[in-house]
Amino acid sequence: MTSDPHTNDRVAQSVARKDDHIRLALEQRRGPASSNDFDYVEPVHHALDGIDIDEVTLDVDVDGWVWPAPIYINGMTGGTDNAERANRALAIAARENGMPIASGSLSIALDAPETAPSFRVIREENPNGLVFANLGAGRSPDDAARAIDLLEANALQLHLNAVQETIMREGSRGFSTWLRDVERIVEAAEVPVIIKEVGFGLSGRVLRQLRDLGVRIADVSGAGGTSFARIEDERSGGGYAYMHHYGQSAVNCLLDAPADFPAVLASGGVRSPLDVIRALALGARAVGVAGPFLVAAMDGDEETAVNETQRWLTQTRQLLALLGAHTPAAATGIDVLLRGRVREFSELRGID
Ligand code: FNR
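A. Structural view of the overall build of the protein. A tally of regular secondary structure across the protein gives 14 helices and 12 strands. For a compact globule of 352 residues, the expected C-alpha radius of gyration is about 20 Å, and the protein comes in at 19 Å, within 12% of that figure. Taking all 352 residues of the protein together, the buried fraction comes to 56%. A separation threshold of at least 6 residues defines the contact pool for the protein, and within that pool the share at least 24 residues apart is 76%. Each charge class in the protein was averaged separately, 33 positive and 50 negative side chains, and the resulting centres sit 4 Å apart.

Written as structure tokens, this is what we have:
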């Protein structure tokens, strides 16, 4: 804590918010998964396409950088004891299965260094794995460098969360500098920068803007999974129910993405290894999962998190063998049928 009472209030508010996010996300994501746009992407089953499971490797190439798995644990939390428990379990799961893992927003750790250990646990439990340091747009290149240092991170994950900020009572109301802020951070960062949404999607237009700024990796993080509109609405007393399903799905974002974007990642509403395959089929290089892994880590323990992430990788490998794909990249372009509203979106966007 500092001697400035306003800063202390802001930090106390941020700490409380982190536990609210975990609690409300768990409430949303427990139980059977709901239908979303991934259900409108139907892989065609060809009964003679299968290969031997030993022939499948799970490495992926993300803009010339090899990741050991096509699934990563997406940015979620840090800043409280509860968050530290989640980060420890998720970091152990990442280490045991060779999955990349992102922290939650390090903003709170930059403002209140006493909260930093709840993030550092990710690197301590996973000293040799791929770790991404998460921060929001609107921070300076210097803050970004501090966030990267704090986790000895292999990449910076910079989130664009204007919808969340808008619904959050204490959220920011000024977004006009974000494009320039992103550009400055991308220019200065000494590790790759991954730009991501937080569950409202990156449109084709935004991906083109990012590409023109020199961004090479983007996670579309679309709607249909954890809804931060709903979380912030529930935190701040309601009135935004009409925003709960706002935004584009990861499926539509992938269909809308410019073909020359160096590496598009998909997350948001990925509920199963079959959704991983669907995202790969539509061009994602790798696929992020947040809410479902949080449920495993918090409703269970470290072992539950290890087993659940391992199940996802094992079953993704099985599905790749079934489809005759030797690698996750080979799943891009398998036969899929687009149905219903996803087909309508692709037709409206002129995609065939
Ligand atoms: C998140 N997410 C998130 N994203 C981010 O960039 N920085 C953050 O600090 C957080 N915090 C956070 C907390 C909790 C509890 C959850 C569940 C999620 C968003 C996350 O990375 C992802 O974009 C969305 O949750 C959509 O993916 P799922 O949950 O549908 O797999």
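B. Inspection of the pairing of strand β7 (residues 155–159) at higher detail. Extensive coverage of β7 is indicated by the burial of 5 of its 5 residues. Here β7 shows no split at all, with A155, Q157 and H159 on one side and L156 and L158 on the other all buried. Across 5 bridges, strand β6 (residues 131–136) lies against β7 in parallel orientation. Following the sheet pairing, A133 is matched in β7 by L156. The pairing of β7 with strand β8 (residues 193–196) spans 4 bridges and is classified as parallel. Looking at the pairing, L158 lines up with I195 of β8.

C. Representation of the nonpolar core within the structure. Within the largest apolar cluster, 84 residues are counted, with the highest numbers of intra-cluster contacts made by L106, L156 and V182. Not counting chain neighbours up to four residues away, the residues in contact with L106 comprise F119, A133, N134, L135, A147, L150 and L151. Judged by nonpolar contacts, the second largest core, of 17 residues, contains I22, F228, M243 and V295.

D. Looking closely at the site of the ligand. Surveying the vicinity of the ligand reveals 24 residues, the closest of which are G75, M76, N134, S221 and T226. Within the contact set of the ligand, an oxygen atom lies 3.1 Å away from a side-chain nitrogen or oxygen of R29. Protein contact buries 97% of the 610 Å² of open area that the ligand shows by itself. Elements with a minimum of two residues in the shell around the ligand: α1 (5–29), β5 (101–105) and α12 (291–299). In the shell around the ligand, the residues fall into 8 nonpolar, 13 polar and 3 charged.

E. Broad picture of the packing of helix α2 (residues 81–97) against helix α13 (residues 302–323). Two numbers describe how α2 lies on α13: the axes approach to 8 Å, and their chain directions differ by 45°. The orientation of α2 with respect to α13, classified from their angle, is oblique. Crossing of α2 against α13: the hand is right-handed. Contacts between α2 and α13 pair R88, A89, I92, A93, E96 and N97 from the former with E302, A305, V306, T309, Q310 and L313 from the latter. Of the residues in the contact of α2 with α13, the class split is 6 nonpolar, 3 polar and 3 charged.

F. Spatial organisation of the packing of α2 against helix α4 (residues 117–125). Where α2 contacts α4, the two axes come as close as 8 Å, and the packing angle between them is 15°. As judged from the angle between their axes, α2 and α4 are roughly parallel. When the axes of α2 and α4 are compared, the crossing they make is right-handed. Across the interface between the two elements, E84, N87, R88, A91, I92 and R95 of α2 pack against P117, S118, F119, V121, I122 and E125 of α4. Taken together, the residues of the contact of α2 with α4 sort by class into 6 nonpolar, 2 polar and 4 charged.

G. How the structure looks around the pattern of salt bridges. On inspection of all chains with the given rule, the structure shows 31 salt bridges. Residue R339 is joined to E42 by a salt bridge in which the shortest nitrogen-to-oxygen separation is 3.1 Å. Of this pair, R339 sits in the loop between β12 (336–338) and α14 (340–348) while E42 sits in strand β1 (residues 41–43); the two residues are 297 residues apart in sequence, bridging distant segments of the chain. Within this structure, R17, D20, R23, E27, E170, E232 and R235 form a network of salt bridges that share partners.

H. Representation of the side chain of Q28 within the structure. Summarising the element assignment, Q28 is placed in helix α1. Other than its neighbours up to four places away in sequence, Q28 contacts G225, T226, S227, R230 and I231.

I. Structural context of the environment of Q28. Given a relative accessible area of 14%, Q28 falls into the buried group. Remark: the alpha-carbon pair of Q28 and S227, spanning 199 residues in sequence, is separated by 8.1 Å. A polar side-chain atom of Q28 sits 2.7 Å from the main-chain amide nitrogen of S227.

J. How the structure looks around α12. Of all 9 residues that make up α12, 8 are buried, and the element is covered over most of its length. Taken together, the buried positions of α12 are G291, P292, F293, L294, V295, A296, A297 and M298.

K. Here's a closer look at unusual backbone geometry. Backbone geometry places E152, a non-glycine residue, at a positive phi of 45°. With respect to the helices and strands, E152 occurs in the loop between α5 (141–151) and β7. We classify E152 as partly exposed; its relative accessible area is 47%. Of note in the backbone geometry, S221 takes a positive phi value of approximately 30° without being a glycine.

Parameters and conventions
Residues numbered from 1 in each chain as written. Predicted model: local features only at pLDDT ≥ 70, side-chain atom pairs only at ≥ 80, totals over all residues. Heavy atoms only, no water. Helix = DSSP H or I, 4+ residues; strand = E, 2+ residues; numbered from the N terminus. Rg over C-alpha atoms; globule rule 2.2 N^0.38 Å. Buried < 20%, exposed > 50% of the residue type's maximum accessible area, 1.4 Å probe, protein only. Contact = heavy atoms within 4.5 Å. Lys, Arg positive; Asp, Glu negative; His and termini not counted. Charge placed at Lys NZ, Arg CZ, Asp CG, Glu CD. Pairing = 2+ DSSP bridges. Core = buried A, V, L, I, M, F, W, Y, C linked by side-chain atoms within 4.5 Å. Near = heavy atom within 4 Å. Polar contact = N/O pair within 3.5 Å; in protein donor to acceptor, adjacent residues only side chain to side chain. Areas by Shrake-Rupley, 256 points an atom, 1.4 Å probe, with all protein chains shown as cover. Nonpolar A, V, L, I, M, F, W, Y, C, P; charged D, E, K, R; others polar. Axes fitted to C-alpha atoms, helices over the stretch in contact; angles between N-to-C directions. Parallel < 35°, antiparallel > 145°, perpendicular 65-115°, else oblique. Left-handed = near helix turned anticlockwise from the far one by under 90°. Salt bridge = Lys/Arg side-chain N within 4 Å of Asp/Glu carboxyl O.

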